[in-house]
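In case you want the letters, here they are:
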Amino acid sequence: MSTTENKDTEKAVEINDTDYNPDAIADPVKYMRGVAVVSLYELWAYYLFYNGDNGGGPNGQMGGMVGAMINNNANANFAAYNATLSAEHAYPSDATCGGTETPACMVGYGTSLIPQVSFTLLQTGITQLAAAIVLIALGGLGDYKLYGRNLLMFSTISCILLHFSFAFINVTTGSFAVAVTLLFFTMITYQMSLSFFFAAFPRLASHMPSVYEKIDAGATVKEVDDEIALQRSRISMVSTYWSNIGWAVPLLVFLGIIYLYNPEPEVSQIDWTFNANAILFGTYWLIFAIPYFILDKKRPGPEIPEGVNVYTEGLVQAREALKLSKKLPNVWWYMLGFFLFTDGANSSNTILGTYLQGLYFHYNLLEQNLLGLAQAVSSMIGCLVFWKVQQHFKLQTKTMLQVSNLLTIIMYGWGIVGLFSKTMGYHSNAEFWFYNIGYGLWSAPFWALQNSYLSDLIPTSKAYLFFALFGIMSKASSFIGPLVNFIITMIAPTTDADYIGFIPCTIISIIGFLIMQKTDPIKARADVIRFEEAERELAAERLNASN
């Protein structure tokens, strides 16, 4: 090493890093070099857990099964209404509700009826609101001891058992109210599992072998931070890729089950195949969950401070997190923007993927399964393309995220056309195929990128807290959009109810997109360094005071 290089190194070591100094030598203590390194087996166990926890059950045919049961009720109401009409004005006996020539589907009993799209939005809104409350109450616990790991295990076991409970639901004669209730608890436990699963990957990224190699080699803070950021993107993207594989594999098996029970599924369908789907996805998740809990190296957080009530800690930490808005402003701009964007996007997905698609294909298992396969395969391609483009051109995670967001807005915004046209705007077979393939190509990478970008903005010590709150503001945050659209669809004429929700959803998503554009990942990293330094100084002061 030259004399000049020696002087530069000494200068880097002497710099006061209370403020973020990217050229300072990375301190092994600050980067927790003594914590166990992530092994290859542990990393793959993490990937494969998400392969099992892929959401194909509650977000796929289990949701489709409940939708079919709700639609059965709507068609029974339509048949009762049709029976009151004169022979001259009555619809054909085989007509169903929700067609281009028939009235909108109405759900309920007697005279207490609401549009099916409104019921679906209300169902989604109440479920997501409940999930938000649960995650607020429990989310902050994940930062202490092994609560995060234990809550992940609890939510996983609970959700798998709820998968199996759908084996006892009859799609034709069963009560749709019971099915809706079971799906309610399934979605809450599923979202809990995602929240605590996602919160683990920033810690994994910080303890990857390549990160430790740079620390041991005397790399600068910037070099180590860049490596951690790269590992975060890699772990998030690869795990999301495997999640999509985990969605595709059971669907391929399920395709065989459909034909096994029914040689002509395009003509008619056997109801029990709905139940078989739930059992299949539950069993698949169980198989891949077991290795993770065996191979995961327990990396406990700090002890719960004296006087802290574990049952209200999540609420207390949520309040404390809000106080950090001045210290970590980019995190909160991002969360606000993301809250609005996902509120619009998730509500659009409820209208399009849960309601309109099922109605268009008459909840046909074969059609829905093929569309799900198309979405799963295109999701794998999309994740791979986004990751390779980012890696090749060394683009920021924010850039890739915003590209995904813009394309998603355009895809859902196309639904507005359906309000004014009977042939375009998700009124045709080709458009639903476009939606499923497009969702995979650019919306699937979005779920990986949003986690990677959040991890770039937050202190690692508060990962569980922020990811719990982020869980609320992503999938669990979509209660406002559905509830607002529930009101809109109730007020709107029944002929417009199915498509009018795309207008507010698109507007909300655009506002969220613009707010997210305001964030700056470089300034955010400087904020995190200052915050962590202040936290260490405060901890030292408390230790000295106690002695």
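Residues numbered from 1 in each chain as written. Predicted model: local features only at pLDDT ≥ 70, side-chain atom pairs only at ≥ 80, totals over all residues. Heavy atoms only, no water.

Trainee: Is there a simple way to explain the overall build of the protein chain in this structure?
Mentor: When helices and strands are counted, the protein chain shows 20 helices and two strands. Its C-alpha atoms give the protein chain a radius of gyration of 25 Å, within 12% of the compact-globule value 24 Å for 547 residues. Each principal axis of the C-alpha distribution contributes one length, and for the protein chain these read about 100 × 50 × 45 Å. Buried residues in the protein chain amount to 55% of all 547 residues. Partitioning the contacts of the protein chain with sequence separation of at least 6, the portion at a separation of at least 24 is 82%. Accessible area for the protein chain stands at about 23,700 Å²; split by element, carbon and sulfur atoms hold 66% of it. Once the 30 positive and 41 negative side-chain charges of the protein chain are each reduced to a mean point, those two points are 8 Å apart. (Helix = DSSP H or I, 4+ residues; strand = E, 2+ residues; numbered from the N terminus. Rg over C-alpha atoms; globule rule 2.2 N^0.38 Å. Buried < 20%, exposed > 50% of the residue type's maximum accessible area, 1.4 Å probe, protein only. Contact = heavy atoms within 4.5 Å. Areas by Shrake-Rupley, 256 points an atom, 1.4 Å probe, with all protein chains shown as cover. Lys, Arg positive; Asp, Glu negative; His and termini not counted. Charge placed at Lys NZ, Arg CZ, Asp CG, Glu CD.)

Trainee: What is the right way to read the state of the cysteines from this model?
Mentor: Two cysteines form a disulfide when their sulfur atoms are joined by a covalent bond. Enumeration over the complete set of coordinates arrives at one disulfide. Between the sulfur atoms of Cys97 and its disulfide partner Cys105 the distance amounts to 2.1 Å. One disulfide, between Cys97 and Cys105, carries an S-S torsion of 95° and so falls in the right-handed class. Of the two residues examined, Cys97 and Cys105, each falls in the buried class. (Disulfide = S-S within 2.5 Å.)

Trainee: Would you mind going over the pattern of salt bridges with me for this structure?
Mentor: Side-chain pairs of opposite charge can arise where the charged atoms are in close proximity. Applying the stated criterion across every chain yields a total of seven salt bridges. Arg149 is the salt-bridge partner of Asp296, the closest N and O atoms lying 2.8 Å from each other. Taken as a pair, Asp296 in the loop between helix H10 (272-295) and helix H11 (313-323) and Arg149 in helix H5 (residues 147-165) lie far apart in primary sequence, 147 residues in all. Taking relative accessible area as the criterion, Asp296 reaches 12% and is therefore assigned buried. Judged by its relative accessible area of 11%, Arg149 is buried. For Arg530, the salt bridge goes to Asp527, with nearest N and O atoms at 2.7 Å. Placement of the pair is Arg530 and Asp527 together in helix H20 (residues 521-546), with a separation of three residues, close to one helical turn. (Salt bridge = Lys/Arg side-chain N within 4 Å of Asp/Glu carboxyl O.)

Trainee: Would you explain helix H13 (residues 365-393) in this entry?
Mentor: Working note: α-helix, 3.6 residues per turn, so residues spaced by three or four point in the same direction. With 29 residues, H13 extends 42 Å between its outermost C-alpha atoms, agreeing within 8% with the 42 Å of an ideal straight helix rising 1.5 Å per residue. At the N-terminal end of H13, a side-chain oxygen is found 3.0 Å from the backbone nitrogen of Leu366, two or three residues along, and the residue is Asn364. Note on H13: the residue one or two positions beyond its end, Lys394, has a positive phi of about 50°. (Expected span 1.5 Å × (residues − 1). Polar contact = N/O pair within 3.5 Å; in protein donor to acceptor, adjacent residues only side chain to side chain.)

Trainee: Explain the packing of helix H12 (residues 329-360) against helix H15 (residues 429-457) to me, please; I cannot follow it from the model alone.
Mentor: Between two packed helices, the angle of one axis relative to the other and the distance separating the axes together describe the packing. Closest axis-to-axis distance for the H12/H15 pair is 12 Å, and the angle between their directions is 155°. Considering the angle they form, H12 stands roughly antiparallel to H15. Every pair of crossing elements has a handedness; the one defined by H12 and H15 is left-handed. Partitioned by chemical class, the residues of the contact of H12 with H15 number 16 nonpolar, nine polar and no charged. (Axes fitted to C-alpha atoms, helices over the stretch in contact; angles between N-to-C directions. Parallel < 35°, antiparallel > 145°, perpendicular 65-115°, else oblique. Left-handed = near helix turned anticlockwise from the far one by under 90°. Nonpolar A, V, L, I, M, F, W, Y, C, P; charged D, E, K, R; others polar.)

Trainee: Mind showing me how you'd approach the pairing of strand E2 (residues 112-115) here?
Mentor: For a regular strand, side-chain orientation follows a simple rule: the groups alternate between the two sheet faces. One ladder, built from four bridges, connects strand E1 (residues 106-109) with E2; its direction is antiparallel. When the sheet's bridge partners are listed, Met106 is paired in E2 with Pro115. Between E1 and E2, which pair antiparallel in sequence order, lie two residues; one of them, Gly110, sits at a positive phi of approximately 65°. (Pairing = 2+ DSSP bridges.)

Trainee: What's the story with unusual backbone geometry in this structure? I'm lost.
Mentor: Excluding glycine, a negative phi dihedral is what most residues carry, and trans is how most peptide bonds are arranged. At Met32, a residue that is not glycine, the phi angle is positive and equals roughly 50°. Backbone geometry at Tyr363 places phi at a positive 55°, although glycine is not the residue there. Inspection of the secondary structure puts Tyr363 in the loop between H12 and H13.

Trainee: Just checking my understanding: could you explain the nonpolar core for this structure?
Mentor: The tendency in soluble globular proteins is for nonpolar side chains to be buried side by side. Counting residues in hydrophobic clusters, the biggest one holds 130 residues, and the most contacted among them are Tyr46, Phe166, Ile235, Val331 and Tyr334. Setting aside anything within four residues of it in sequence, one finds Tyr334 in contact with Leu401, Gln450, Tyr453, Leu454, Leu457, Phe470, Met516 and Thr519. Ile245, Ala248, Phe281 and Leu373 belong to the second-largest nonpolar core, a separate cluster that totals 10 residues. (Core = buried A, V, L, I, M, F, W, Y, C linked by side-chain atoms within 4.5 Å.)

Trainee: In this structure, what is going on with the side chain of Thr124? I would like to understand it.
Mentor: Within the element layout of this structure, Thr124 appears in helix H4 (residues 116-139). You can call Thr124 buried: its relative accessible area is 15%.

Trainee: In this structure, what is going on with the packing of H5 against H10? I would like to understand it.
Mentor: Interaxial distance between H5 and H10 falls to 8 Å at its minimum, and their mutual angle equals 155°. Taken as axis vectors, H5 and H10 run roughly antiparallel relative to one another. The element H5 and its partner H10 pack so that their crossing is left-handed. Listed contacts from H10 to Arg149, Leu152, Met153, Thr156, Cys159, Ile160, His163 and Phe164 of H5 are Ala278, Ile279, Phe281, Gly282, Thr283, Trp285, Leu286, Ala289, Tyr292 and Phe293.

Trainee: Can you help me understand the side chain of Ser348 in this one?
Mentor: Mapping Ser348 onto the fold places it in helix H12. The buried category is assigned to Ser348, whose relative accessible area is 2%. With residues near it in sequence (within four places) discarded, Ser348 still touches Gly353, Tyr412, Phe502 and Cys505.

Trainee: Can you help me understand the packing of aromatic side chains in this one?
Mentor: To describe a pair of aromatic rings, one takes the distance between the centres and the angle between the planes. If you walk through the whole model with that rule in mind, you get 32 aromatic pairs. Their ring planes at 10° and their centres at 5.4 Å tell us that Phe338 and Phe446 sit as a pair that is stacked. Separated by 108 residues along the polypeptide, Phe338 in helix H12 and Phe446 in helix H15 bring together distant segments of the chain. We note that Phe338, like Phe446, is buried. An aromatic cluster is present here, built from Tyr360, Phe361, Tyr412, Tyr426, Phe432, Tyr435, Tyr439, Tyr499 and Phe502 joined pairwise through their rings. In this structure, Lys518 is placed above the aromatic ring of Trp333, and the distance from its NZ or CZ to the ring centre is 4.8 Å. (Phe/Tyr/Trp six-rings, centres within 6.5 Å; stacked < 30°, edge-to-face > 60°. Lys NZ or Arg CZ within 6 Å of the ring centre and 35° of its normal.)

Note that all results are geometric; they support no functional claim without further evidence.
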